[in-house]
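# Notes for the structure review
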Amino acid sequence: MAAACESLGRQVNIMEVCGTHTVSIFRNGIRSVLPPNLKLLSGPGCPVCVTDQGYIDTVLQLADREDCLIATYGDMIRVPGNDRSLETKQAKPNVKVVLSSEDALQLARDHPDKTVIFVAVGFETTAPATAVVVKEAAAESVDNFCILSGHKLVVPAMRALLSSKNNNIDAFLCPGHVSVIIGYGAFSEITRDFRRPCVVAGFEAVQIIEGLCEICRQLSTGEPALKSMYPAVVTEKGNIAAQKMIDECFEPVDGDWRGLGTIEKSTLKLREEYDRFDAFKRFHIRQSPSKERHGCRCGDVLCGLIDPPECKLFGQICTPREPVGPCMVSSEGACAAWFKYGQEKIRT
Amino acid sequence: MTKKTKNDKILLAHGGGGQLTDDLIRRHILPSFDNEILTEMGDSARLDLTSGSLCLTTDSYVVKPLFFRGGDIGKLAVCGTVNDLAVAGSRPVALTLSLIIEDGFKMELLDRILSSIAKTARQSHVDIVAGDTKTVEAGAADKIFINTAGIGARLPGVDLGFRQIAVGDRIIVNGSIGDHGMTIISQREDIAFQTQLESDCAALAALTCQLLENVDGIRFMRDPTRGGVAATLNEISMSTGLSIKIRENDLPIKPAVQAAADMLGFDVLTIANEGKFIVVVSPESVGECLKICRNDPLGQEVQIIGEVVETRDVPLVEMETRIGGRRIVQMPYGRELPRIC
């Protein structure tokens, strides 16, 4: 890796597109053993972080309704909206943290007098689980259940990043978990259309380093390619059954991302036949345009344009205890990882 | 024929100072802690101690759930206070025991807790010499809260403290870390692999006294409870102005604990322990320290995890990772795991 980087004679920017990679890179101190001209950028790989502010505010509004229960994954409850977060609402009994989509559906079965709204976020990894419960709800006619789909697709986001004129990304370390579902073949369009190396890696320190070595080798030889270094669990075609499940319930539509703006066919919306489980339709929600909190540079962090410490709020008024932006909330968020494991001492 | 009253639950009146209180004390509490000082039932315990220098500490226990693999709130209430006395360089002598019990709490559970307190106190050679019981309305407490205060006789010639710590001193821990916190959180989250996890809850005084009486170069001791090893090491670094370097490869962590922590997104270094101590010891004495620990059931997996080093810029705790990388071990926030002890 060192020889490859040296031969390039310039700064090399590799983006990891997965929050679990981000955390593993920090926990294992991987940055400290890399060649000095190799820079890792933390990309839009944390589901909580990429969720648009408009969506968060919609969830907060729904949480005000007495006739509803909000079922959400734990990470989402601390994301601040314009003036509050779900956590401050959790004292109200209508916000429930669930560990799975099944738990959300069970909540609906257990509370027939309330409408249960499942805050369905995440990439292709969590979307199949949401699809399963939508189908179950349809089969059992659990009509008091619905989902607010904020599910996102990884490949359109990678395309958007590379299409942006500011982009400085030389290669992608592709996400392991997402690749299990969509197959590494899904990244072939990035290599083909943008001529960037795409390498899928596992989450152990050695696997990540192997992935980075392969990328550096490709860059130095000028032959960008698609390669999976995680053959034990990732196949070229992925999990066909899970893809089918997503496809049967959802269709890709244009969607808003934090920092990346609106990306074509990047968000999953429930298909018409499942309209009655679509919280957007049931509550006639027109999502307000996204407005990020003042001074927060989560968007720039997610695009790999800055490292978290370059944000003026970082470690000062934005801390894991009192997060301003979502990247400081989720344990997989780049800011939270920098704060927890960072190279610099953060005075508290 | 006298009517035999039998209460299988705690009532508010059990804390009212009347007949039921007396009944509770005589039937349930006193038989558990049979010692001369307590049975005198005075307003205060009278102790005759030969040591001129004492350690005094207090701690409250609100752990949820009350019973967990490897212990319960009663055992914890004794071990926690005994360990605080032990790592301060004293031999624990006596404890007080205060109970705050919610109306409706099952008497059978109270008896189990009392018997656990008695057993742990006996094993730790401390007497429960004074106590108090209060009851509160249902909803005003969560089942039962316990406070114990303890006094220990300082070991002669022992002077532990941050100021004794010097560059080059070694840092040891007496066994696997993170066991208690991960057991509690897994049991609370009802995670399937909890059967492999067990709290390390144990009283450490016998081992600490043996170490302090036989090893000269011990500078400092602390039990890494809330905030885990990360908090203790950061406290040492901040208080001494020196830095600490630890090695990930040398950290004793059980695979089940690591797996649970990975799954839930916790860093084992920040997870609470209830039967562990960190000892800072001079390089000359570290061998003797390890030898004594390895001969004790509570110290068989003792490890040197790092050492005290010069500070370059600001005092910090740094870890050399398995792949030879470096990362900072920050002071944890301590909001991740409420009510673990």
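The rules behind each value
Residues numbered from 1 in each chain as written. Chains lettered and ligands numbered in written order. Predicted model: local features only at pLDDT ≥ 70, side-chain atom pairs only at ≥ 80, totals over all residues. Heavy atoms only, no water. Helix = DSSP H or I, 4+ residues; strand = E, 2+ residues; numbered from the N terminus. Rg over C-alpha atoms; globule rule 2.2 N^0.38 Å. Buried < 20%, exposed > 50% of the residue type's maximum accessible area, 1.4 Å probe, protein only. Contact = heavy atoms within 4.5 Å. Areas by Shrake-Rupley, 256 points an atom, 1.4 Å probe, with all protein chains shown as cover. Lys, Arg positive; Asp, Glu negative; His and termini not counted. Charge placed at Lys NZ, Arg CZ, Asp CG, Glu CD. Domains from an automatic or database assignment. Buried area = accessible area lost by both parts, 1.4 Å probe. Salt bridge = Lys/Arg side-chain N within 4 Å of Asp/Glu carboxyl O. Polar contact = N/O pair within 3.5 Å; in protein donor to acceptor, adjacent residues only side chain to side chain. Nonpolar A, V, L, I, M, F, W, Y, C, P; charged D, E, K, R; others polar. Disulfide = S-S within 2.5 Å. Core = buried A, V, L, I, M, F, W, Y, C linked by side-chain atoms within 4.5 Å. Axes fitted to C-alpha atoms, helices over the stretch in contact; angles between N-to-C directions. Parallel < 35°, antiparallel > 145°, perpendicular 65-115°, else oblique. Left-handed = near helix turned anticlockwise from the far one by under 90°. Arc of directions from axis to C-beta.

### A word on the overall build of chain A
- Scanning chain A from terminus to terminus reveals 15 helices and eleven strands.
- Here chain A has a C-alpha radius of gyration of 20 Å; the compact-globule value for 348 residues is 20 Å, and the two agree.
- For the C-alpha atoms alone, the extent of chain A along its principal axes is close to 65 × 45 × 35 Å.
- Counting over 348 residues, chain A shows a buried share of 57%.
- Residue pairs at least 24 apart in sequence account for 76% of intrachain contacts in chain A once pairs closer than 6 positions are excluded.
- Accessible surface computed for chain A: about 14300 Å², of which carbon and sulfur atoms make up 50%.
- Placing the 39 positive and 43 negative side-chain charges of chain A at their respective mean positions leaves the two points 4 Å apart.

### Observations concerning the domain arrangement of chain B
Residue and element names in this part refer to chain B.
- Annotation of chain B at the domain level lists domain 1 (12–154) and domain 2 (162–328).
- Relative to domain 2, the C-alpha centre of domain 1 lies at a distance of 28 Å.
- Contacts between the two partners involve 21 residues from domain 1, matched on the other side by 24 residues from domain 2.
- Interface area for domain 1 against domain 2, summed over the two sides, is near 1800 Å², with a carbon-plus-sulfur share of 60%.
- Summed over the three residues of domain 1 that lose the most area to domain 2, namely R69, N83 and V87, the buried surface amounts to 36% of that side.
- Between E213 and R91 there is a salt bridge whose closest N-O contact spans 2.9 Å.
- Linking domain 1 with domain 2 are ten residue pairs in polar contact (both at pLDDT 80 or more), by the criterion used here.
- Of all the elements in the fold, those that place two or more residues in the side of domain 1 that touches domain 2 are β2 (67–68), α3 (73–87) and β4 (90–102).
- The biggest single contributor to the side of domain 1 that touches domain 2 is α3, with nine residues.
- Split by residue class, the side of domain 1 that touches domain 2 holds ten nonpolar, six polar and five charged.

### Section: the state of the cysteines
Residue and element names in this part refer to chain A.
- This structure, assessed with the given rule, holds one disulfide over all chains.
- C213 carries a free sulfur, and the closest cysteine sulfur to it, the one in C216, is 6.6 Å from it.
- Among the cysteines around C303, which has no disulfide bond, C327 carries the closest sulfur, lying 10 Å off.

### Things to note about the nonpolar core
- By size, the foremost hydrophobic cluster in this structure holds 103 residues, and its most contacted members are I70, I117, F118, F145, M158, F172 and F187 of chain A.
- With residues up to four places along the chain from it excluded, the contact list for F145 of chain A reads A104, L105, A108, V116, F118, V133, A137, R276, F277 and R282 of chain A.
- Ranked by size, the runner-up nonpolar core spans 37 residues in total, among them L24, L38, V63 and M107 of chain B.

### Comments concerning the packing of helix α7 (residues 127–140) of chain A against helix α12 (residues 240–249) of chain A
Residue and element names in this part refer to chain A.
- Put simply, α7 and α12 touch, their axes get as near as 9 Å, and they point 55° apart. The pairing of α7 with α12 is recorded here as oblique in orientation. Crossing angle aside, the handedness with which α7 passes α12 is left-handed. Counted together, A127, P128, A131, V132, V134 and K135 of α7 and A242, M245, I246, E248 and C249 of α12 form the full contact between these two elements.
- Classifying every residue of the contact of α7 with α12 by side-chain character gives nine nonpolar, no polar and two charged.

### Focus on the side chain of N174 of chain B
Residue and element names in this part refer to chain B.
- Checked against the element boundaries, N174 lands in the loop between β7 (170–173) and α5 (179–189).
- Of note is the side chain of N174, whose polar atom sits 2.7 Å from the backbone nitrogen of F277.
- At 3.0 Å, the side chain of N174 and the backbone oxygen of L298 are in polar contact.
- Setting aside residues up to four positions removed in sequence, N174 forms contacts with L204, G275, K276, F277, L298, G299, Q300, E301 and V302.

### Focus on the environment of D254 of chain A
All names here are of chain A.
- Relative to the helices and strands, D254 is located in strand β10 (residues 250–257).
- In the structure, D254 is positioned 15 residues away from K269 in sequence and 9.3 Å away in space, judged by C-alpha atoms.
- If we skip the residues at most four places from it in the chain, D254 touches T262, I263, E264, K265 and S266.
- Within the structure, D254 has its side chain in polar contact with the backbone nitrogen of K265 (distance 2.9 Å).

### Observations concerning helix α9 (residues 286–294) of chain B
- Listed as buried for α9 of chain B are V286, C289, L290, I292 and C293 of chain B. Looking straight down α9 of chain B, one finds that the buried residues subtend no more than 165° of arc, so they occupy a single side.

### Here we look at the interface of chain A and chain B
- Contacts between the two partners involve 26 residues from chain A and, on the opposite side, 22 residues from chain B.
- Interface area, chain A with chain B, both sides summed: about 2000 Å², of which 48% is carbon and sulfur.
- Here chain A and chain B share one salt bridge between them.
- The shortest N-O distance in the salt bridge between R27 of chain A and D262 of chain B comes to 3.2 Å.
- Applying the counting rule to chain A against chain B returns five residue pairs in polar contact (both at pLDDT 80 or more).
- Broken down by secondary-structure element, the contributors of at least two residues to the side of chain A that touches chain B are α2 (19–27), α11 (205–221) and α15 (334–341) of chain A.
- For the side of chain A that touches chain B, a count of residues per class yields eleven nonpolar, seven polar and eight charged.

### Here's the deal with the environment of I181 of chain A
All names here are of chain A.
- For I181, the location among the structural elements is in helix α9 (residues 176–182).
- Separated by 39 residues in sequence, I181 and V142 place their C-alpha atoms 28 Å apart.
- Ignoring anything within four residues of it in the chain, the contact list for I181 reads E124, T125, P128, K237, G238, N239, A242, Q243 and I246.

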